[in-house]
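Understanding the architecture of this molecule
The residues making up each chain are set out below.
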Amino acid sequence: TGYPSDPSSTIINLIDGWNWIGYIPQNVGAINDALGSIGDSGNFIKNQFVSAEYYTEFGWFGGLDFMSGGDGYQLQIIGEADLIYPNFEVDDNLTRTMEVKEMPEAITEWAVNPHAYEFNGAITLSVENREDSPGDYIAAFVGDECRGIAERMDFPFDDVDRGIYILMAYSNIDKEEEVTFKYYSQSEEEVVEYTESLEFTLDMVVGNGFKPFVLHPEINPDL
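This text gives an overview of the structure that appears in the document.

Rules used throughout
Residues numbered from 1 in each chain as written. Predicted model: local features only at pLDDT ≥ 70, side-chain atom pairs only at ≥ 80, totals over all residues. Heavy atoms only, no water. Helix = DSSP H or I, 4+ residues; strand = E, 2+ residues; numbered from the N terminus. Buried < 20%, exposed > 50% of the residue type's maximum accessible area, 1.4 Å probe, protein only. Areas by Shrake-Rupley, 256 points an atom, 1.4 Å probe, with all protein chains shown as cover. Salt bridge = Lys/Arg side-chain N within 4 Å of Asp/Glu carboxyl O. Pairing = 2+ DSSP bridges. Axes fitted to C-alpha atoms, helices over the stretch in contact; angles between N-to-C directions.

A short note on the overall build of the protein
Looking only at helices and strands, the protein has 2 helices and 18 strands in total. Dimensions along the principal axes, computed over C-alpha positions, put the protein at roughly 60 × 40 × 40 Å. The proportion of buried residues among the 223 residues of the protein is 46%. Of the roughly 12200 Å² that the protein leaves accessible, carbon and sulfur atoms contribute 46%.

Digging into the pattern of salt bridges
Under the criterion given, the structure shown has 9 salt bridges. The salt bridge partner of R130 is E218, with a shortest N-O separation of 2.8 Å. Here R130, found in the loop between β10 (119-127) and β11 (137-142), pairs with E218, found in the segment after β18 (213-215); they are 88 residues apart in sequence, far enough to count as distant. E218 sits in the buried class, given a relative accessible area of 16%. One salt bridge connects D132 with R152, and the closest N-O pair in it is separated by 3.2 Å. Here the residue D132 occupies a position in the loop between β10 and β11, and R152 occupies one in the loop between β12 (145-151) and β13 (153-154), the gap between them amounting to 20 residues. Its relative accessible area of 10% is what places D132 among the buried residues.

Observations regarding the sheet that holds strand β6 (residues 59-62)
If you walk across this open sheet you meet the 5 strands as β2-β8-β4-β5-β6, and the pairing is antiparallel. The open sheet has two edge strands with one neighbour each: β2 (17-21) and β6. Taking each pair of neighbouring strands and ignoring which way they run, the sheet shows an average axis angle of 25 degrees. One ladder, built from 4 bridges, connects strand β5 (residues 51-55) with β6; its direction is antiparallel. Counted as the bridge partner of E53 is F61 from β6.

Some remarks on unusual backbone geometry
For E176, which is not a glycine, the phi torsion comes out positive at approximately 60 degrees. Within the secondary structure, E176 sits in strand β15 (residues 175-185). Under the relative-accessibility criterion, E176 is labelled exposed at 61%. Despite not being glycine, E189 has its phi angle at roughly 50 degrees, a positive value. Secondary-structure assignment places E189 in the loop between β15 and β16 (190-201). You can call E189 exposed: its relative accessible area is 67%.

As structure tokens, this is what we get:
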């Protein structure tokens, strides 16, 4: 038994580069509020499942919308900073948004268990040769094994009419494993393979909302 820590009196000293951190508040907190004390020092954050990137003048954006107890995080910063979490009240509206989304039946085999892998990295992608829409997905593969999947998101900080896909990729090899990609169009119920590939490296951060890793040449597009 014990007493909860007081976030305001618990300072977490962060160093340049990657930092492993926990989450001290008792209640879920929006990421921009949770990391507000480090200001523009923030660069990238991830847990085992999702990530977010810091965009100067805009704030944090990605699949990681909020932080919660029980999760560990890797936080990458520039320089040094002191992280002091605020106290958060219980937010019933936020709790209701934490729902598990069901995958389209056509791609239910695109499943990955992050707990089965030791290493991960983040890739932000876009599709150039097609008009994508909400409900579309991109998945990463090593051979025939799915190593990560992401649903289309709107990127709110530019005027480009395209979606982005913020994908966590997983491996048990920390480098030199080739990652390929497949795209699923919900409106056309079609799976498309692309020729682009990249080499997995531990803690890689490839692309961002302004400059995503672009998929365009298709494999056998006429078949």
